[in-house]
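A look at the structure
Each chain is listed here by its residues.
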Amino acid sequence: MAMQVAVLGATGSIGTSTLDVVARHPGRLRASVLAAGSNVDALLDLCRRFEPLHAAIADEAGYPALRDGLRAAGLATRAHAGAAAIEQLAAGEDCDTVVAAIVGAAGLASTLAAARAGKRLLLANKESLVLAGELLMHAAREGGALVVPVDSEHNAIFQCLGCNPDGTPATAGLARIQLTASGGPFRGRSREELADVTPAQAVAHPKWSMGPKISVDSATLMNKGLEVIEAHHLFGMPGERIGVLVHPQSLVHSLVEFTDGSTLAQLGLPDMRTALAVGLGWPERIRSGVGGLDLLQHGRLDFERPDLDAFPCLRLAFEALEAGGTAPAVLNAANEVAVSCFLQGRTGFLDIPALVEDCLQALPAAPADSLETLLDADARARAHASDRIARARP
Ligand code: NAD
Ligand code: MG
């Protein structure tokens, strides 16, 4: 019987890539649950194509249009609305695999639900790990969930390490992780040269095609900072054993170094369908639609040190990981607010690290003993960042 796949964030960049891979394996994979934020028309298009058992829209105002659209299309797909419905579907019996591809902390509840329910969890939503990594990894262990990171760097590491019999990454003998970073659209610029960059310039990523939020994160290097924290939780590595290498060609997706001096890397074209196919097929290899790598055509692989002066977000993320407790939750929430305001033209590019740093100082790290504590830190950081922005530009 086909593996039943829930795609949360189905209309986004990762969701679309997932469905592209699913469509290549009709006997093996079935999109049984599709969920999206607010774009009912895009969700209905996907429903007509994939005929899932369930379709859910987070924005409750979209429910009538979703229900009526499904009926008009003659589909048996059941309509749902609201975050709680998505959470229930993620944990429910109509999926074996959950692709967590909602953007931001909004993805935490459904990701946690899938982990607790022991689903195969293809984790793209890195913000949930940054916000509540310990709780999420604990929930996955308790629930017996196989977590396959689909962030390309972490998927590379997952492939290099392989799994223990219980499905956890085989980290024995692992000395160090090196995450590669493309450097984003502004690689090589000084801090001064970043002051006037526009949202359109920031989302024009040189190597990857992605949603707007992660594209801005790539331009500030906050994406790499979030990924350092993500790697810490997924592979149990302390921050000082996680390095970052700028690699503009984006062909080496990350490296692992073992205690014997051996380094393994995973290479491939920059296309998320490879990582998604690894997760959907694991431990088997299945077709993804991505071609092989012609190194002669590419010719060279370059590596540089990241510029923490021009891109302080990466430094702030290392500091938040070191501080621990609620600090990563504050970092993530402040960043989400700052990026959203930047995309709306309400703040400048350099305000993003400034706001994050301001929030980390105003809300010092406290022990993160429960989900409530973390969600409270998230809410307070959002309020603080919004207040700062409102005061700066009334
Ligand atoms: P995107 O903006 O293209 O898509 C986001 C999806 O989430 C959309 O389907 C949207 O409808 C849905 N969504 C938004 N808010 C929601 C809510 N409150 N409830 C339910 N659904 C909601 O983003 P993306 O680029 O696909 O990124 C998704 C996640 O994957 C992010 O966490 C990102 O960091 C991570 N990721 C993306 C890439 C990539 O190549 N795009 C690579 C690595 C990791
Ligand atoms: Mg990545």
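Residues numbered from 1 in each chain as written. Chains lettered and ligands numbered in written order. Predicted model: local features only at pLDDT ≥ 70, side-chain atom pairs only at ≥ 80, totals over all residues. Heavy atoms only, no water.

On to the overall build of the protein chain, then. Across its full length, the protein chain holds 16 helices and 11 strands. Across its three principal axes, the protein chain shows a C-alpha extent of roughly 55 × 55 × 45 Å. Taking the intrachain contacts of the protein chain between residues at least 6 apart in sequence as the baseline, contacts between residues at least 24 apart amount to 68%. For the protein chain, the accessible area works out to roughly 16300 Å², and carbon and sulfur atoms hold 50% of it. One way to put it: in the protein chain the 33 positive side-chain charges average out to a point 4 Å from where the 44 negative ones average out. (Helix = DSSP H or I, 4+ residues; strand = E, 2+ residues; numbered from the N terminus. Contact = heavy atoms within 4.5 Å. Areas by Shrake-Rupley, 256 points an atom, 1.4 Å probe, with all protein chains shown as cover. Lys, Arg positive; Asp, Glu negative; His and termini not counted. Charge placed at Lys NZ, Arg CZ, Asp CG, Glu CD.)

It is worth spelling out the pattern of salt bridges at this point. A full pass over the atoms with the stated rule returns 22 salt bridges. Here Lys213 and Glu127 are joined by a salt bridge, their closest N and O atoms 2.9 Å apart. Taken together, the residues Lys213 in helix α9 (residues 212-220) and Glu127 in helix α6 (residues 126-143) connect sequence positions 86 residues apart. In this structure Lys213 comes out as buried when scored by relative accessible area, which is 12%. (Salt bridge = Lys/Arg side-chain N within 4 Å of Asp/Glu carboxyl O. Buried < 20%, exposed > 50% of the residue type's maximum accessible area, 1.4 Å probe, protein only.)

Any empty space left between the atoms is revealed when a probe the size of a water molecule rolls over them. Considering only enclosed or pocket space, the second largest pocket measures out at about 300 Å³ in volume. Met137, Arg141, Thr168, Pro169 and Leu234 are, among the 18 residues lining the second largest pocket, the residues nearest its centre. The residue inventory of the lining of the second largest pocket, partitioned by class, reads 10 nonpolar, six polar and two charged. (1 Å grid on protein atoms, 1.4 Å probe; cavity = no way out; pocket = protein on both sides within 12 Å on 5 of 7 lines; lining within 4 Å. Points joined across faces, edges and corners; volume = space filled by probe spheres on them. Nonpolar A, V, L, I, M, F, W, Y, C, P; charged D, E, K, R; others polar.)

Another aspect to go through is the environment of Leu174. One can find Leu174 in strand β8 (residues 174-181). It is 46 Å that separates the C-alpha atoms of Leu174 and Ala79, two residues lying 95 residues apart in sequence. Once residues lying within four places of it in the same chain are set aside, the contact partners of Leu174 are Leu161, Met237, Arg241, Val256, Glu257 and Phe258.

Turning our eyes to something else, we now look at the domain arrangement of the protein chain. According to the domain assignment, the protein chain consists of domain 1 (3-150) and domain 2 (324-394). Look at where the C-alpha atoms of domain 1 and domain 2 centre, and you get two points 27 Å apart. Contact with domain 1, which involves nine residues of that partner, is made by 10 residues of domain 2. When the two sides are added together, the surface that domain 1 and domain 2 hide from each other amounts to roughly 710 Å², 73% of it contributed by carbon and sulfur. Taken as a group, Val130, Leu131 and Leu135 account for 59% of the area that domain 1 buries against domain 2, more than any other trio of residues on that side. Where domain 1 meets domain 2, there are zero salt bridges. Viewed at the interface, domain 2 and domain 1 are joined by one residue pair in polar contact (both at pLDDT 80 or more). Elements with a minimum of two residues in the side of domain 1 that touches domain 2: α5 (108-116) and α6. Looking at the side of domain 1 that touches domain 2, the element that brings in the most residues is α6, giving five residues. (Domains from an automatic or database assignment. Buried area = accessible area lost by both parts, 1.4 Å probe. Polar contact = N/O pair within 3.5 Å; in protein donor to acceptor, adjacent residues only side chain to side chain.)

The subject of this paragraph is the site of ligand 1. As a structural note, the neighbourhood of ligand 1 is formed by 23 residues, with Thr11, Ser13, Gly37, Glu127 and Gly211 the closest of them. Thr11 is positioned with one of its side-chain polar atoms (N or O) 2.7 Å from an oxygen atom of ligand 1. At a separation of 2.8 Å, an oxygen atom of ligand 1 approaches a polar backbone atom of Gly211. Notes on ligand 1: free accessible area 820 Å², of which the protein chains cover 85%. Among the residues forming the shell around ligand 1, the class breakdown is 13 nonpolar, seven polar and three charged. (Near = heavy atom within 4 Å.)

On to the sheet that holds strand β11 (residues 263-267). If you walk across this open sheet you meet the four strands as β9-β8-β10-β11, and the pairing is mixed. Looking at the sheet topology across the chains shown, the edges are occupied by β9 (242-246) and β11. Averaged over all neighbouring strand pairs, the angle between strand axes comes to 20 degrees, with direction disregarded. Where β8 lies against β9, five bridges are found, and the strand directions are parallel. In the strand pairing of β9, Thr180 is matched with Leu245. Of the strands in this sheet, β8 and β9 touch helix α10 (residues 222-235), which is tilted by about 150 degrees from β8. (Pairing = 2+ DSSP bridges. Axes fitted to C-alpha atoms, helices over the stretch in contact; angles between N-to-C directions.)

Looking now at helix α3 (residues 63-72). Turning to α3, its buried residues are Leu66, Gly69 and Leu70. Viewed end-on, α3 has its buried residues packed into an arc of 100 degrees, placing them on one side of the element. Turned more than 90 degrees away from the buried face of α3 sit Arg71 and Ala72, all of them exposed. As for α3, its buried residues are in contact with α2 (40-50), β3 (54-57) and β4 (78-81). Positioned one or two residues after α3, Gly74 has a phi angle of 70 degrees, which is positive. (Arc of directions from axis to C-beta.)

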